[in-house]
Every structure is written in C-alpha cells, then in structure tokens.
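# Topology and contacts: notes
Take a look at the letters that make up each chain.
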Amino acid sequence: MKIELRDPNTIMKLSRLGSFHQSKLSFLRSFLNEFKDWEYKRDLFELDENGFGKAIYSFNKNNKIYSLLCFSNYIKDEDRSDRVIATKWDAAFVLHDGMPEKKDIERLYQNVPKQEIGRVSYKELSLSRANKSVRIFNHVVESLSVGKQPDKKKLSEVGYLYRTTAVYGSGKFGLADRFRLKNREEINGPFRLEMMLVYLVRQFTFDQVNHIAKLKNPNKAIELDKEICRNLGIGNSTGLGMAPFIINHPTLLNNWILARETALKKIREIQKVKSNDKDLFLNCLKRSLNNITTWNSDSEFQKNKINQLLSDLNKFINFIENEFDFNQEYVFNKIYLWIESNLKDECIEYIVSIMMEPYEQITNPLVKKMSSDEEKYFNIPADRTIFDLRGILEKNYKNIIKIDFNDKENNKFFWFVSKNKEEPRLADRYLEEGHELEQPLAIARDIKKLHERISNEKNSCTIANFLIENNDLRHIVRRAFIIEKFPYSEIQDNIIGSKLIPIDMLRLKLSFFGALKFDPRSDKWLRITMFQGAPLPYELKKFNDHWIYNSIN
Amino acid sequence: MISFSEIDTTTKRASKAIGFSWGIAEEVGKNIRNMELFGLPGVKNLNEYFKIYPNKQFQKISLISEKNISDKIPYCPIILGVNFLDQIKVLENKKEINFKNIAYPMLFLPFASRGSELIGKKIFLNIDEKKFLLSFNQAIYSNASDKLIIEKTENLRLSFIENNNSFSEDEWKEIYKLSEKTFVEEKDSLKEYSAGAGLTDND
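What you see is a predicted model; the values in this text were computed from it and never measured. (Residues numbered from 1 in each chain as written. Chains lettered and ligands numbered in written order. Predicted model: local features only at pLDDT ≥ 70, side-chain atom pairs only at ≥ 80, totals over all residues. Heavy atoms only, no water.)

### Quick look at the overall build of chain B
Put simply, the test is: Counting from the N terminus, the helices are DSSP H or I runs at least four residues long and the strands are E runs at least two residues long. It is over C-alpha atoms that the radius of gyration is taken, and the globule rule equals 2.2 Å times the number of residues to the power 0.38. Under the scheme applied here, a residue whose accessible area is under 20% of the maximum for its type counts as buried, over 50% as exposed, and between as partly exposed, the area being computed with a 1.4 Å probe on protein chains only. Here a residue-residue contact requires only that any non-hydrogen atoms of the pair lie within 4.5 Å. Here the accessible surface of atoms and residues is derived via Shrake-Rupley with a 1.4 Å probe, and residues count as covered only by protein chains that are part of the display. Charge convention: Lys and Arg are scored as positive, Asp and Glu as negative, and His as well as the terminal groups of each chain are ignored. By convention, the point assigned to a charge is CZ for Arg, NZ for Lys, CD for Glu and CG for Asp.
Of regular secondary structure, chain B possesses seven helices and six strands. Its C-alpha atoms give chain B a radius of gyration of 24 Å, clearly above 17 Å, the size a compact globule of 203 residues would have. Expressed along its principal axes, the backbone C-alpha trace of chain B runs to roughly 80 × 40 × 35 Å. Classification of the 203 residues of chain B by burial places 45% in the buried group. Restricting the contact set of chain B to residue pairs at least 6 apart, pairs at least 24 apart contribute 64%. By element, 49% of the accessible surface of chain B is carried by carbon and sulfur atoms, the whole surface being about 11,600 Å². A gap of 10 Å separates the mean positions of the 28 positive and 29 negative side-chain charges of chain B.

The structure is reproduced here in structure tokens:
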C-alpha cells in the first residue's frame, strides 16, 4: 500500500507546527547516537570553594577533539536575568575545535564571559551562557553538603540546575562559519555542535554542585546521586530570536519536516507490525504519560494544551486497549487515520513522534538528510516564465493568496531587529514606530502582493523581464521558486496577523531540538528543558535510546 | 576576525539601509561574502560606493545588450549585476559584452562570477587593463594584485569562454601515455577470467 505524504497546506499551518514534539529525529538524540563511541574526558577543573573558575570537557576520537570551556563567576542576584538583553551570567561557555592551548584559554577567558560584546575566532564552534536556577542550585548544594540527596519533588518542579539563555553558532560573533565544517561527518546533523555544548554544560552543572558541597563540608558531603543527575537536564529560555530562523532557512525547514513526514509515511506503509515493535510503541506511550504529568506551566494557553493532550492520550489508550486489534495489516496506518479523526493536533503529533520509536531503520537514514546547503538554491531561475510562477503560487500558497491584507487584523504586526541588542522583535504597526524598517518576514503578505502584481503580466514574460520593474519583490520570487522544489519550506500562515501565536514558531524549532516541557512565559518566550533523562557522558557507550521517556518521578 | 556569515548579514542590511530592496540586498550580501572568500576587497569597495551612493545619480540599466554605454551618469554596479545575472541565459549567446562607464566595477565582479557557475562557462573580464578569469564561482584569477578599489571604469569587457580544453591533443596524449604505466598488461589467462565474462561477451 502506498501512503501519500501529508499535505503541506495542513501540516505547515502554525497551529499544527506548534504542536510538534520531540522524536527519534530530534537533534539532541541524534547527537548522542553519533557521539556515543567518542571518548569523554574532564580535562581541567579549577573552581574555588564557591564554584567560580574554569573547567574543560572534551570528546575525542581518532585524534579529533571537541572541547568545552566553562567560565563560572560571581554575579549579584539582581544582575541575573534570562532576557537576551542581560550582560552578566553565572557561567559562560564556548565549544572549541581541538584542545585549547594556554593562549586560547586566556583569549577565551577575556571574551567568552562578555558574550555578544566579546569576540571569538574561527577555532570556536558554539557560544553560550547560562544562569543558575538559584533556588534549586542552592538546595542541591545545601543537601549534598550535609550528606543528603536533594528533594526529588523540588527538582522535578524545575528539572535542571542551570538554564541557558542563548546558544550561538555558525559565524556569530566570529565563530567558525559553517562552510569550514561542512565536510565533517560527525557534525553533519543540524545544530549538532550546539547540542554538544548543552550536553557538556549539563555535566559541568553536576560537577560544580558536587565540588561546592565537598569544599563546604569535606567530611559529610556526598555526591549527587547518578539517577538524580540523569533526570536533570539543562533549561533554556527562548524568545523571538528563534522565530526568523525558520523563515530564513526554507530548505532546512523543508528537510526537517520532510524527514518527519517521510518517517510517518513509511511507518504507515508497514504491512505487518512485529509484536515487539507494537510493545515498544505502547511502552513508550505509557511511560510518556509520566513526563506529561510533570510538565508544569503557569500559562493558561499551555495548561489547556497539556490537559487536552492528557485527555486525548487517555482516549487513545482506551481505544487501543479496548477497541483496536493489533493483529491486522497496516496497523499504524489505521491508528493514524483514527487519531486524525478523533484527536486534536497536539496529541496527533505526539503519537506520530512515538510511532517512530520502534523504527530506527527508518529514522536513522533520514537523520542524515536533515541538513541543507541553502546557498545551492539561492539563485533565481530568471529564464523561467510568469506562467510557471503563477502555477507555483496557486499550487503552493492556495490559502495564503486568499488572505485580505487590507484588513488591519491581517496586517497587524511587523518584525524588526532591535537596535539595542540586534535581536528580532515583533510590534504592532498601528501603535508603534519603526514599521518602515520591517524585516522581510511577512511572507504571506508579500506572496499575495506578488500574485496580484503578476496578474496583468503575460504568461510568456520571463522572470528576468518581470524583475526589471519589480525588484522590490525579488526576495519573494526567490522563495516561490524554492517552494516549488521544497514543499515543506514555508509556514502556511500569516505571521503578521492578529491571531499569530509566536511561540508556535519556537515550539516547532524546539521540538526538532528535542526539547521537553514547553513552558510559555508569554506568547513570545518560553522555557524548556533539554537532555532531561539522558545518559551521563560515561554511560554513552551503552544506553537505552528511549531514555527520553524516563521521568524524574 | 569578522566571520563570512557576519559579512553577509551586515552588508545585506547595509544595502537595504542605503535604499535597495531586500531581494537585491540579499544578492549583495552573498556577493560581498564571496569576494572576501576569494580574497578580494568586497567590504572596502561596498563601503566606498555607499559613501557616494546617496548623493550621486547612477544609471540603472534594464535590458543588457552587446554594447552598453552610459556617457554621463555611471552605471550602478549592483543593478547592472542583478540584471546581468537574471539575463545571463540570453547573454551567454553573445560573443562579447561591453559596458562603458561603471561606478565601482569590482562590485559587478561577483555577479559575473555567479553567472559563470549558472551557465557552466568560464568568463573572461577586463576592467580597463585589469584582467579576471572567473571559473564557475569556484575561483577568480587575476593579473591585478593591488589597487582593486576602483571608483570607475571607462571600459568593462566581458566574454564567455566556450568549454574547450586549455591544452593540445598531443599534450593530452603525452600525459595519458604516462598514466598508462599504472595499468597491468593482460595475458590470455587474465583476459579469460579477470573480467568475469570470459573471452567473449556474447551469449
């Protein structure tokens, strides 16, 4: 039986994309798989009794080394902020290509804690900073120093000791450009270096609390229990900075979604599902319920989503246990058709993710296809015609070109880059100044404009001739020819309309990272955790790939 | 050191700020990054051009022909480059293209370099006495090693190089013969079984 890929006009709606969850395709999971046979080492650990100082961790294999430099320092409580506009952090990190020499360590010590106003070099691969979850950090240190393990319930409410507030890569602040690294197979997955940085930072946080507790009370202190460590991740605060990325990397977005859609299609096409694959699917499904119940958020929006997800999952489990027969052909196709008709987006995509768990033979080859060289598709095929362009627009943007942008509600927001921090922001064009400096992210509006503009052009007119008088739409013509080849490259929604929920865009990206516990703090930023439940570095040679369904409780 | 990615982003934004559309600004960002990758002074040329751009007039060419002359006002190298790139599939059929009077002609160079990749032909380009060979946007060879901040050129001549070899048939035979020394002479026994098909490939 041949199953069609799901329709981009449905899947690429923001409400659907904002319901995506981690899966076997997620970058933090594929990172662990890639680096599981690398040697992990703590190369340097020079912290004082307060945990301030520097440390170096590395992965190495066949003379290739990636090392994380950690710089931890004192900051006042009032200076601690998760906003990207902060200028001081509890710790700053950089991933270095190779083992740093003394002069590199000194250079990086001078620059890394400054983050955006410091400079790093082509020898550095990723840059980040993080703040303590002070309440949890102090509780852990206090407990360990008196010989007690910390309160698991308290830990489960947060899920991490530190949270990062930005993780930079690819040429930012002088970091290595992507082209320098693109032939290295081990980092050929999207955001693999950023994942490595976050993973090693997680280990630093454990080592730091153990160290402080030990120096605080050398006779009584104990180390943080390994099981507790495993169930702690790294938090992350993410704002709008992430949103334009998925607009500005259309072929990359396509490859992420296409990998997911291809996996689902192939799973639905399995004629006979093996008994142990069925068992694994059901096992992951049931274990994952624990994760959802420890998913805390003060956001009403998210609480409703979590409640709906739980209710739908229980409905699904009831269906599977009481009405469904696994001894039939094309089981996963039948499950999929049922969930599409009976459940909401959040749960549909949740179950789609879990369907992948038994099938690494399907997902592993797809992981290798999730990168993209955007440059290859940059040139506009200007010898094509208006006939071609019109066909592309009407096929690929059929809902978009129906939107009325004369209606203020559909044209409410504009995206801009803040002068203070060079970060993307969103504002109301009718209330705020600055819309003349709008970023070219209003794809839906500009597609509509392009469709209108070509309505009077002759079919035989070449794109080259059209552009002579219409170069104001050049950026959007480029995109139209990209979507022709990459059907999942475009969000099929209006991201300047009043109904926009920006965190849907962040959720999409974070789900591919492998984030858990989405906790929106407003409609524009959210907190998540990464690597919660993941094996510790010394366990990488042998670990259960379904660790993500472990729960702190 | 400023990364190439930062050069791309910043020059794109600067190009938008000076008045180009976002689509053209994207082209400029990629071009300046390419120039710097090739070791050519992209940022310097762009900076100099943008200093005079707001206060001077520049000819914005639309359809490019074999001879393009703008006597009074110099051509804008960016609009010229964008249109050259867009029209290259038509232009490649012309033997030679001449432009008279272009401001900051080095800014046109990366457009031509990308054009070379698009049509799969090398492009030979003269900016006055300076010569450039553009090879499929993979490399740029030049006889000019300095003074590459050029305010204006009176003559920019460009020709498409057909995909011919740069060596003679004899020269090829000579090198091929040497390469044959890595082959093994097949005796009858080897002919029989080493390819797997025996002495005949007929049924």
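Picking up where we left off.
### Quick word on the domain arrangement of chain A
To keep it simple, the criterion reads: Throughout, the edges of the domains are those of an automatic or database domain assignment.
Examined at the domain level, chain A breaks down into domain 1 (36–239) and domain 2 (374–485). Between the C-alpha centres of domain 1 of chain A and domain 2 of chain A there is a distance of 41 Å.

### Side note on helix α12 (residues 300–322) of chain A
Residue and element names in this part refer to chain A. We apply this condition: The span one expects for a helix is its residue count, reduced by one, times 1.5 Å.
For α12, spanning 23 residues, the distance from its first C-alpha to its last is 33 Å, which sits close to the expected 33 Å at 1.5 Å a residue. Turning to α12, its buried residues are Gln-302, Lys-305, Ile-306, Leu-309, Asp-312, Leu-313, Phe-316, Ile-317, Phe-319 and Ile-320. In the core, the buried residues of α12 are packed alongside α11 (275–293), α13 (331–342), α14 (345–355), α20 (503–513) and β10 (516–520).

### A look at the interface of chain B and chain A
By a widely used convention, the size of an interface equals the accessible area lost when the partners come together. Note the threshold: Buried area: the accessible area, evaluated with a 1.4 Å probe, that two parts lose upon being put together, summed over both parts. Between Lys or Arg on one side and Asp or Glu on the other, a salt bridge is scored when a side-chain nitrogen of the former is within 4 Å of a carboxyl oxygen of the latter.
Taken together, the contact pairs 26 residues of chain B with 30 residues of chain A. Interface area for chain B against chain A, summed over the two sides, is near 2,300 Å², with a carbon-plus-sulfur share of 50%. Looking at the side of chain B facing chain A, the largest losses of area belong to Met-1, Trp-22 and Asp-86 of chain B, adding up to 24% of the total buried there. One can count nine salt bridges joining chain B with chain A.

### So, helix α1 (residues 4–18) of chain B
Residue and element names in this part refer to chain B. Given a rise of 1.5 Å per residue, 15 residues ought to cover 21 Å, and the 21 Å separating the end C-alpha atoms of α1 matches this to within 8%. When we look at burial in α1, the residues that qualify are Phe-4, Glu-6, Ile-7, Asp-8, Thr-11 and Ser-15. Where α1 is buried, its residues touch α2 (22–37) and α3 (42–52). Directly beyond the C-terminal end of α1, a positive phi value near 130 degrees is found at Gly-19.

### Regarding the side chain of Asn-470 of chain A
All names here are of chain A. Note the threshold: For the purposes of these results, a polar contact is taken to be a pair of N or O atoms within 3.5 Å, where, inside protein, one atom must be able to donate a hydrogen and its partner to accept one; residues adjacent in sequence count only when each atom of the pair is a side-chain atom.
Topologically, Asn-470 is positioned in the loop between α18 (463–469) and α19 (474–485). At 2.7 Å, the side chain of Asn-470 forms a polar contact with the side chain of Arg-453. Within polar-contact distance, the side chain of Asn-470 engages the backbone oxygen of Phe-466 at 2.7 Å. Setting aside residues up to four positions removed in sequence, Asn-470 forms contacts with Arg-453 and Glu-457.

### Things to note about the sheet that holds strand β3 (residues 122–127) of chain B
Residues and elements named next belong to chain B. As a reminder, the rule being used: Two strands are said to pair when DSSP picks up at least two bridges between them. The axes used here are C-alpha line fits, helices contributing only the stretch in contact, and every angle between their N-to-C directions lies in the interval 0 to 180 degrees.
With mixed pairing, six strands are arranged side by side in an open sheet as β1-β2-β6-β3-β4-β5. The open sheet has two edge strands with one neighbour each: β1 (67–69) and β5 (139–142). Across the sheet, the mean angle from the axis of one strand to that of its neighbour is 20 degrees, orientation sign disregarded.

### Side note on a nonpolar patch on the surface
Threshold: Two distance rules govern patches: like charges are joined within 9 Å, and nonpolar side chains (Val, Leu, Ile, Met, Phe, Trp, Tyr) within 5 Å, applied only to residues with over 30% relative accessible area and no salt bridge.
On the surface, Phe-167, Trp-172, Ile-175, Tyr-176, Leu-178 and Phe-183 of chain B cluster together into a nonpolar patch covering about 650 Å² of accessible area. As for its position among the elements, Tyr-176 of chain B is in helix α6 (residues 169–179).

### Quick notes on the pattern of salt bridges
Residue and element names in this part refer to chain A. By the definition in use, this model includes 67 salt bridges over all chains. In this structure, the salt-bridge partner of Arg-107 is Glu-124, at a minimum N-O distance of 2.9 Å. Separated by 17 residues along the polypeptide, Arg-107 in helix α4 (residues 102–111) and Glu-124 in strand β5 (residues 124–132) bring together distant segments of the chain. Classification of Glu-124 as buried rests on a relative accessible area of 0%. Across the salt bridge formed by Arg-429 and Glu-438, the nearest N and O atoms sit 2.9 Å from each other. For Glu-438, a relative accessible area of 10% gives the class buried.

### A look at the pairing of strand β6 (residues 160–168) of chain A
Residue and element names in this part refer to chain A. Across the nine residues of β6, eight count as buried, placing the element largely inside the fold. Both β5 and β6 contribute to a ladder of six bridges, which runs antiparallel. Note that in β6 the partner of Leu-127 across the bridge is Tyr-168. Relative to strand β7 (residues 233–238), β6 is paired through three bridges, and the arrangement is parallel. Considered in β7, the bridge of Tyr-160 is made with Gly-233.

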